[in-house]
Each structure stands twice: as structure tokens, then as C-alpha cells.
Amino acid sequence: MGRIVYVNGEYLPEEEATVSIFDRGFLMADGVYEVTSVLDGKLIDFDGHAARLARSLAELDMAQPISHEELLAVHRELVARNGIDEGLVYLQITRGNPGDRDFVFPDPDETAPTVVMFTQSKPGLADNPAARAGIKVISLPDLRWHRRDIKTVQLLYPSMGKMAAKAAGAGDAWFVEDGKVTEGTSNNAYIVKGNRIITRELSNDILHGITRAAVLRFAAEAQMEVEERAFTIEEAQGADEAFITSATTFVTPVIEIDGVKVGTGEAGPKALRLREIYIEESRKAAI
Ligand code: PDD
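Below is a short write-up of the structure. Note that the coordinates shown come from a computational prediction; the quantities given were computed from them, not determined experimentally.

What about the packing of helix 6 (residues 210–218) against helix 8 (residues 269–285)?
Item 1. One way to put it is that helix 6 packs onto helix 8 with a least axis distance of 10 Å and a crossing angle of 110°. By the angle between their axes, helix 6 is roughly perpendicular relative to helix 8. In this structure, helix 6 uses T211, A214, V215 and F218 to contact helix 8, whose residues at the interface are L274, I277, Y278 and E281.
Item 2. Grouping the amino acids of the contact of helix 6 with helix 8 by side-chain chemistry returns six nonpolar, one polar and one charged.

Okay, here's the thing in C-alpha cells:
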């Protein structure tokens, strides 16, 4: 049975859900998105994702077409209608369908944004042996635009990064700019040295990860300190541990970078402890 998805105020079978060929999300990648994970049928870090969505829209001069309460209600309704226990809710808002192709933004009074949401069921999201074992990453130059703090649907370069990683037998790629790691293709990047978690400071160079914020908050619970600064691939290769965070990977250890083992070459105990704490606390706070 197909999913029930949400398009502009309607719940529809996925086969019947359509968006115009003139939609600016399709023609111009003029849209933003969010991914919120679901554990035990409940939403993880929903308020953080909703707040970042509002910020992404504001940065692109797009009106907020749906209230916080309505957004939450639609997320919950989709989770319920599709019987999602573990998985995610994907949300995308574009500048809509002006009825033709034009670089100039349409008048927002005449063109309503397009709002699409759908679920993905991912059993084993939390208790994922592959995530616990860790992943290998390769490094690639960061060729994305310079407003990576806005969660836009311009995901071609990250997709190319994932393909390059796959071709190299790795699980993901870390982007490097001016000699320093920015972030992963779809996650934030960290190293561990002693009891310090080191991760790049927030700026327009990276997405302000919602999982990042939570994990840094939980660092004290793992008896760890946080240092927000950029690091090089060489420093990461020589670190005790490395890991990534995102709404879909939670905390996942990185065991190899560009063919060089990190630490013992096995999933680091500190990263695994942070994963455990994150999942436990997130389950408690889920709504
Ligand atoms: N990606 N950096 C980038 C470039 C991302 O695309 C993501 C999320 C993150 C982590 O953010 P958060 O912790 O809020 O998920 C960092 C999502 C999961 C995706 O594109 O599927």
C-alpha cells in the first residue's frame, strides 16, 4: 500500500500527489526542507526543526505558509496515517508555481508557496548495527554555495559527494574548504581528542544541525568538553575518534578518513556513548 502524503493542505495517496512543472522548486531549486526523525511513533527535536525552517524561509524572503501548530499537526497526522514507528518526516516548501519560468521571484500575494510532506519508514533507525560499527569517509573540496546555513533543496553537489564516496567504498564524504573540514554531505563532522569534542563553529559555512545542538548539550552528561573550531583532515586522521551527526544518523562513528584509520579503526567508545545518550534523551523528549 502506498503512502498518504501531504500537498498544500490535502492528504492524498502518493500516486495522486502532484506539483506543477512550473514549480520553482523544480525549475530553480528555490525551496527549503527539513527532515525530522521519528522514534516510537513520536517526533524527535521537532521544535528545533520548526525553528530552523522559519529561519531558512526568512533568509530567502519566503513567507511562512503554515503555523507551528499546523506543522506539528500535519507531521503527527502523517506519522499516524502511515503507521510510522521508526523513520522520518520529510518537509519541503518552495516559492510555488508562478505559471511560467522566470528568474525573478513571483509576487507572494499572487503565488502561494508549495508545501509538501511525506514519511519514510526506517525500521532499525535507532538500533542500527551499521551505524554502531561506524563508517568510512573520504574528503572532497567543498564546492557548494556560501549560504550553507540555509537548508535549501540544492542537493546536487551533496549527491555527487555521496556517489564519489560510494565509488571509493566509503559511506560518506567530508567537505574541505581552505584546508579545513566544513561538514559532511548531509551531516555535521566532529573529532574527539581526550575528553574534548571538536567541531566547526556555527557560521554560513555549515548547516546549523539540530542534532549537533542536542549532542553538544549532552556532552557534559558524557563527561566531555566542547571546543568549537575548524580542523584539518590530517588532524582528524590523528584524532582519538571521529563521528557525524544528523537527524537520520543520530551519532555515527567515523572509523576511517581517506584510507587512514582513526584511532583503533573501530567505532569509538565516546561516540557510541554520545549516540546512546542522544537516543535515550531524544526518546524521552519526543512529542
Ligand atoms: N541533512 N549538514 C548538512 C549539509 C545536512 O544536510 C544535514 C542534515 C546536517 C545535520 O543537520 P540535522 O542534525 O539538523 O539533521 C548537517 C538531512 C538529514 C538530510 O538532508 O537528509
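That shown, we press on.
So, the pairing of strand 6 (residues 114–121)
Item 1. Pairing geometry for strand 1 (residues 4–7) and strand 6, over two bridges, is antiparallel. From the neighbouring strand, V7 faces strand 6, where its bridge partner is V116.
Item 2. The pairing of strand 5 (residues 87–94) with strand 6 spans eight bridges and is antiparallel. Opposite L91, over in strand 6, you have M117 as the bridge partner.

Re the site of the ligand
Item 1. The environment of the ligand is formed by 19 residues, the closest being Y33, E183, I210, T211 and A247.
Item 2. Take Y33: an N or O atom from its side chain is 2.6 Å from an oxygen atom of the ligand.
Item 3. Take S186: an N or O atom from its main chain is 3.3 Å from a nitrogen atom of the ligand.
Item 4. Surface burial for the ligand is 90%, taken as the share of its 480 Å² of free accessible area covered by protein chains.
Item 5. Of all elements in the fold, only strand 3 (31–39), helix 2 (46–59), helix 6 and strand 13 (241–246) reach the threshold of two or more residues within the shell around the ligand.

Calculation rules
- Residues numbered from 1 in each chain as written.
- Predicted model: local features only at pLDDT ≥ 70, side-chain atom pairs only at ≥ 80, totals over all residues.
- Heavy atoms only, no water.
- Axes fitted to C-alpha atoms, helices over the stretch in contact; angles between N-to-C directions.
- Helix = DSSP H or I, 4+ residues; strand = E, 2+ residues; numbered from the N terminus.
- Parallel < 35°, antiparallel > 145°, perpendicular 65-115°, else oblique.
- Contact = heavy atoms within 4.5 Å.
- Nonpolar A, V, L, I, M, F, W, Y, C, P; charged D, E, K, R; others polar.
- Pairing = 2+ DSSP bridges.
- Near = heavy atom within 4 Å.
- Polar contact = N/O pair within 3.5 Å; in protein donor to acceptor, adjacent residues only side chain to side chain.
- Areas by Shrake-Rupley, 256 points an atom, 1.4 Å probe, with all protein chains shown as cover.

By themselves, these figures tell us nothing about what the structure is for.
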